[in-house]
Every structure is written in C-alpha cells, then in structure tokens.
Amino acid sequence: MRWGRHVLSGALFLATAAYVWLAVGYKPTPRLFPLAVGIPMLVLTALQTAIECVPRLSTKYAALGTVDAERLAGKANDRVAEDDPRQTRKELAAFLWLGLAVGASMLLGMLWGIPLFIFIFLKLRSATRWTIAVGLPLGTLGVMYLLFVRVFQIPLYAGLLWE
Amino acid sequence: MIEAALDGMAMLLSVKSIVLMLVGIVVGLVFGALPGLSGQTALAVLLPFTLGMDPAAAMSLLLGAHVAVEFGGSVSAILINTPGTGQAIATCWDGYPMAQRGEAARALSIAATSSAVGGLVGFAVLVACIPIMKRTLMAIASPEYFLAAFVGLTFIVVLGGGSLIKALISGGLGLMLAFVGLDPITSVPRFTFGQLSLWDGISLVPIVVGLFALPEVAALLAKGESIARIELHGSQRGLIWQGIKDTFSHWWVLLQCSALGVFIGILPGLGGTVANLAAYGLAARTSPERDTFGQGAIDGILAPESANNSKEGGDLIPTIALGIPGGAGMAILLGAFVMVGLTPGPEMLTTGLSHTFAIAWILAIANLLTTAIGLLCCAPIARLCFLPVQILAPAIMAVCLVGAYLDGGQIENVFLAVGFGLFGYLMRRTGYPRAPMIIGVVLGRIVERYLHMALKLYGRLFFLRPISLCLLAVVIVTMAAPALYARTMRANAGAGR
C-alpha cells in the first residue's frame, strides 16, 4: 500500500496545518497547548511526508527509529499487513457492510436495524443456513430488548422512520 | 482500630449483603463487557435501588458492580479486541493476540487472577493508609498531577513500534484530538466547527472501537478465519490453570503495576484508563519478556489488569478522607455514601471508622468473588474465539456500533466510530502505531488542565516541590532510558563484531 503511505502522510500534514491555522485564531490561553503540539506535529508530518516521497531520505532517517522501538516493532497488532490487492478489496468491502449496519440503524433504529443487518449479512455474505440466519438476529433482538428496554431502560437510537 | 476492622467485617456477614454483592458483580460484568456501557452507567442504574438500604448492603451492591466492571471490560478486550471500558484498552494489545493463538481461556484467566491480586493490593494499601490518609493527601497538588500525567505521555515512545517519527505523529494526533471541545480554563470552544456535540470533546469509546476493533473485523472477514487462528491443543481447564500459574510466576511485574495503579488511583482525576496505559507502558519497559509485547505477552495482560483493580483501593483514599472523588465512578459512589447516611471526610476516619473498614472489606471480597466467577466462566466464553468469523463478524460489528452509540447516547458517535475505523485501517496498513494515539487522547486534557492550574497556583517553578522533583526525575529517566539503552546495544553490537 505504497500509495496509501504517501496519501496518508500528506493528508496528515495538511490536516495539521489546518489545525495550527485554526489554533492561531484563538486567544493566548486556549491556543497554548494546541500550538505547543501542532507546531512540532507540522514539522514531524512534513518530515514523514518527505521520507515517504524521497527514498534517499528514508535510509538517512532510518536511524530515528530507536533500538528500543525496533525491538518492540509489531506492538498492538500494528504489523504492516502485506500488500495484496484482493485482501485490500475484501477489507474495504467489510467497511461497506459496516455502512449498511449504520444505514439500517439510522433508518429503523438500533433495536430493529441491527438484527436486520445481521440477517442480511448472514444470508447474503455468509450464506449460512436459514436456522442460523433467522435465529441469530432474533436472539440479538431478544437480548437487546431485554437488556436495554426491559431491565436497564437505556434508550437506544429510535431511527429516522419512527421519529 | 482492630475493633473497627472487626465491626466492619461483621456488617457484611449477612446473606443480604453477600447476595446484593453477587447481583452487583453480575450487573458489573455485563456492563463492563459491553463497550459503551461504562461502570458509571452500571452505578447510575443501580443507585436508585439503594434507597432505604443500610450502608453495608448498599455499598455491597454498588462496590460489587464497580469492581466487576474492570474484569468485564477485559473480556471483550481479549475476545474481540474491543475494550468494554476505557480501563481495558491496553488489555487488547496482548490479550487479543493470545486469543488469536487459541489461548483465550489462558488470557482471561491471567486477567481474572491479576485483577484479584491487584484488588487485594489496593485493599491492603487502603487499610494501611487509614491512619495517615488526610496528611498524605494534602501533600499532593496540581503540579504532581501534571507530572504524573506527563510521565504517562513519555510512554508514547515505548508503545510506538518501528518508527519513532510515526509514533510521535500518532501520539500528537491523539493530543490534537484531546484539545477538541471547550478549553478547560476559559471555556472557549476549540475545533468544534459549531457542533454542540463536540463541546464536551470526542468520546474515547468511538475512537477506541474505530481504531482497534473495526479494522480487526475487516481483516478477519477478508481472511475468513475465526478469531483463534490455530486449533486448540489441550483442555480449556488446563489453559485456565496455566493462566493462574503464569500470573503468580510473574509476581514482580504484578506487584510493580499494582503499586503504580494504587498511586494513580490516589491522584483524583487521572482515572483507570491512565492506570491501565501507564502500567502497560511500565511493563513494556521493565518486563523480562518485553520483546514479545504486542504478540500475546503474559506481562502485557497482567500489568494493566492488576493496575486497574489496585487503582480502586487508591481511588477510595481521597474519596473517603477528603470527599474528593478519584474518578467519575467514585463521584457516583460519593453520592451513594451521602444517600445512605455516610459523610465522607474526617468523620469516616473517626466515628465512622467501622464503615470505612466495611468498604475496604467489600473491596477485597468483591474482587475475590469476581475472580471466582470469571475463572468459572473462562472456558465457555473462550469458545467464542473458535466460531467462524462469517457468523461472529456481524455480531462484533453490532456490539461496536451499539457501544459507540451508548457512550453519550449520540448517533454522531456511530459515525465517528466508522470514521476512526477507516482511519485505523489506514494506520494499520501504513505502519502507523495506534496505541500512542490513545495515550495522547487520554492524557492530553489532563496534562493541559493541571499545567494551567499548577502555573496559576505555584508559578513557573511549580516543579520544585519535593514530590514534584521525584516525578520530574522519573520523567527524565523515562525519556533518557531508550537513548541510553540504544547506545549500550550499539556498543555491545560493535564489541560483538
């Protein structure tokens, strides 16, 4: 995902620049910390963008990764995933499914939208048996109803259609 | 004092108190395991039921729930890489990789056992501090809070991974996000773009759910695997027993992180998330198995979990002695104290001493009961990791979205979670570490608030107070250690060649 690195570093630089520009407009007390963080961040994101774009720099600044950090590389499941376009497409498709879940929750409310999303996912994406495809959403509906509506009376998002 | 301790114990020796504690623990475990439903929500839901109860029964119910939330949070952190509460963020980083190895039962067992040990350390410190509580607390002020939080910020480098620049950028992004909302001193809205929902800042739950859980679900779906990537060898019971043994064989890290948790608990306002992250950072630096951190290290689970629970003992010290709640949960407990007729402050250390001891006993017993329940449930819970991802993924997505919504009850949080999910995915694919960003978000506001307060109250030389100087020394050592270590390693490598 080489292009992704360029784009992300550049976008972070631009976002930081906008952040600093906004912070400059505040009075001295509210802007103190945002600027204290934003200005060094501007330098760091510019340096990182340069490192991504100019291969010669990446070898020169490789020393900035301390031994300690190198030893701990891979922390928090942050190992860089291998570049596989098929894998990337599948991962991005997962976010589309997530978008469907959000859409269903927005329209129908969480109590009905989430079970409906689970049913559609299980039937269309996973192609599971009807017993599971119907049973799991119904179970989810039951648990959500009991937990949030009956026992703890915590309101869930009602949905645009019902509001 | 011994008489008061025995009186306190006698208050709890009733079926009613024990049953209420068990009810509180079950509610706490459920609330803890569901992202977005925090310990505060559990307490708020239970609080009305305590009206008319005697103090011991009410405290059994509430403290039982408060303690159990900590372990509940680690269950979802280990199984689905989504911390149920903010206090379980760091537990994901090694708990989930261990679950991926097919050892979820072992990870849960380590979490449960280390929680119990941490809780008992907190209890011991609470009891030991009773005679000196007030005087000790008066010596700690805003400069110490600022420096303690600053020590936590230095862990950004430790948790960074391969590139120092990327780690710093990630930590900086977290800090930048922390400054969204009203300025703590002047109440001027910053970076809110006219959105009222941003005035209180960005909630932690959508950030954590987005950065950690959603990219993981996407990766699992793409690979089509179950959470546990390998077949289980050996029995679940064997793994649970192994987890208990692991915890006690790492007794040094356990005690170190429990002590850190108590210290952070004593400082009001820092909270459990700071204890969790700081303990992980400390263990990542001092543990003998630091090379395997992030890949399912035992110390990576027991450090944050022990600190979480030991913090509760520390939290109770300012709450009882001064009436200053250590965190949001303690603020609700403080209200409950007053509701059942207890007055926090000097009275709790003199005429109400037996009640103070009763609270300390509840803390210890609730921790042990939570661990017992946790260990009993480890095996069935761990089997979730072997379910096919095609069935598990929509359920995890649902939990994440509902969790994001419940934190604040705003639908905007759901969109934020998805946005952070995409951002977390990009970070994961391009080698930006995500853990430093969380540290920045958690500590940014604390550092800002206490630095302003320290400057106003003590001037520019605020760090010249005795405890501040000690903390400053810790900051310097923490920042200098990686460079010194790197130098030693280079020198050793040169000598080896």
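Residues numbered from 1 in each chain as written. Chains lettered and ligands numbered in written order. Predicted model: local features only at pLDDT ≥ 70, side-chain atom pairs only at ≥ 80, totals over all residues. Heavy atoms only, no water.

(A) Examining the overall build of chain B more closely. Counting secondary structure elements, chain B contains 22 helices and two strands. For chain B, restricting intrachain contacts to residue pairs at least 6 apart in sequence, the fraction spanning at least 24 positions comes to 78%. (Helix = DSSP H or I, 4+ residues; strand = E, 2+ residues; numbered from the N terminus. Contact = heavy atoms within 4.5 Å.)

(B) Summary view of the overall build of chain A. Check the secondary structure of chain A and you find seven helices and zero strands. Reading chain A from its N end, one meets helices and strands in the order α-α-α-α-α-α-α. Going through the 163 residues of chain A one by one, you find that 45% of them count as buried. The contacts of chain A with a sequence gap of at least 6 include a subset with a gap of at least 24, amounting to 54%. When the accessible surface of chain A is summed, it comes to about 8800 Å², and 71% of that surface belongs to carbon and sulfur atoms. (Buried < 20%, exposed > 50% of the residue type's maximum accessible area, 1.4 Å probe, protein only. Areas by Shrake-Rupley, 256 points an atom, 1.4 Å probe, with all protein chains shown as cover.)

(C) The arrangement of the interface of chain B and chain A in detail. Each side of the interface is counted separately: chain B has 85 residues, and chain A has 76 residues. Residues B:Lys166 and A:Glu52 are paired through a salt bridge, measuring 3.8 Å at the closest nitrogen-oxygen approach. In this assembly, chain B and chain A are joined by 10 residue pairs in polar contact (both at pLDDT 80 or more). Per-class residue counts for the side of chain B that touches chain A are 60 nonpolar, 13 polar and 12 charged. (Salt bridge = Lys/Arg side-chain N within 4 Å of Asp/Glu carboxyl O. Polar contact = N/O pair within 3.5 Å; in protein donor to acceptor, adjacent residues only side chain to side chain. Nonpolar A, V, L, I, M, F, W, Y, C, P; charged D, E, K, R; others polar.)

(D) Layout of the packing of helix H8 (residues 142-153) of chain B against helix H21 (residues 435-458) of chain B. Residue and element names in this part refer to chain B. Their axes nearest at 8 Å, the elements H8 and H21 cross at an angle of 150°. Comparing the axis directions of H8 and H21 gives the class roughly antiparallel. Considering the relative orientation of H8 and H21, their crossing is left-handed. Packed against H8, whose contacting residues are Ser142, Pro143, Tyr145, Phe146, Ala149, Phe150, Gly152 and Leu153, the element H21 presents Ile439, Gly440, Leu443, Ile446, Val447, Tyr450, Leu451, Met453, Ala454, Leu457 and Tyr458 at the interface. Looking at side-chain class alone, the contact of H8 with H21 contains 16 nonpolar, three polar and no charged residues. (Axes fitted to C-alpha atoms, helices over the stretch in contact; angles between N-to-C directions. Parallel < 35°, antiparallel > 145°, perpendicular 65-115°, else oblique. Left-handed = near helix turned anticlockwise from the far one by under 90°.)

(E) Highlighting the nonpolar core. Counting 209 residues, the largest nonpolar core has A:Met110, B:Trp93, B:Ile227 and B:Ile438 as its most contacted members. Here this core gets 17 residues from one element, more than from any other, and that element is helix H4 (residues 55-80) of chain B. Not counting chain neighbours up to four residues away, the residues in contact with B:Ile227 comprise B:Leu79, B:Ile80, B:Tyr96, B:Ala99, B:Gln100, B:Leu220, B:Cys385, B:Leu392 and B:Ile396. (Core = buried A, V, L, I, M, F, W, Y, C linked by side-chain atoms within 4.5 Å.)

(F) Expanded view of a nonpolar patch on the surface. Residues and elements named next belong to chain A. A grouping of Leu107, Trp112, Leu160, Leu161 and Trp162 is seen on the molecular surface, where their side chains present a nonpolar patch of about 590 Å² in accessible area. With respect to the element layout, Trp112 can be found in helix H6 (residues 110-125). We classify Trp112 as partly exposed; its relative accessible area is 48%. (Patch = residues over 30% accessible without salt bridge, like charges linked within 9 Å, V, L, I, M, F, W, Y side chains within 5 Å.)

(G) View of the pattern of salt bridges. Within this structure, the stated rule accounts for 12 salt bridges over all chains. Residue B:Arg429 pairs with A:Glu91 through a salt bridge whose shortest N-O separation is 3.1 Å. Taken as a pair, B:Arg429 in helix H20 (residues 412-430) and A:Glu91 in helix H5 (residues 85-108) lie in two separate chains rather than in one. Note that B:Lys16 and B:Asp54 form a salt bridge whose closest N and O atoms lie 3.5 Å from each other. Of this pair, B:Lys16 sits in helix H2 (residues 15-33) while B:Asp54 sits in the loop between helix H3 (39-46) and H4, and the two are 38 residues apart along the sequence. It is possible to trace a salt-bridge network through shared partners that takes in B:Arg101, B:Glu103, B:Arg106 and B:Asp246.

(H) Just unusual backbone geometry, in detail. At A:Ala127, a residue that is not glycine, the phi angle is positive and equals roughly 50°. Among the secondary structure elements, A:Ala127 is positioned in the loop between H6 and helix H7 (130-151). Residue class for A:Ala127 comes out exposed when judged on its relative accessible area of 59%. Positive phi, normally seen in glycine, also occurs at B:Phe193, with a value near 50°. As for its placement among the helices and strands, B:Phe193 is situated in the loop between strand S2 (189-190) and helix H11 (204-223).

(I) Up close: the packing of helix H6 (residues 104-129) of chain B against helix H13 (residues 251-266) of chain B. Residues and elements named next belong to chain B. Two numbers describe how H6 lies on H13: the axes approach to 9 Å, and their chain directions differ by 50°. Relative to H13, the element H6 is oriented oblique. Seen from above, H6 lies across H13 with right-handed handedness. Here Ser114, Val117, Gly118, Val121, Gly122 and Val125 of H6 come into contact with H13, specifically with Leu254, Leu255, Ser258 and Val262.

(J) Geometry of the confidence of the model for chain A. Summary statistics for chain A give a mean pLDDT of 82 and a share of 81% for residues scoring 70 or more. Scored below 50 in pLDDT, residues 65-81 of chain A shows 56 contacts in the model against residues more than four places distant or in partner chains. (pLDDT = per-residue confidence, 0-100.)

(K) Structural view of the side chain of B:Ser310. Tracing the sequence through the fold places B:Ser310 in helix H15 (residues 298-322). Once you skip the residues sitting within four places of it in the chain, B:Ser310 turns out to touch B:Gly118, B:Gly119, B:Gly122, B:Cys257, B:Ser258, B:Gly261 and B:Val262.

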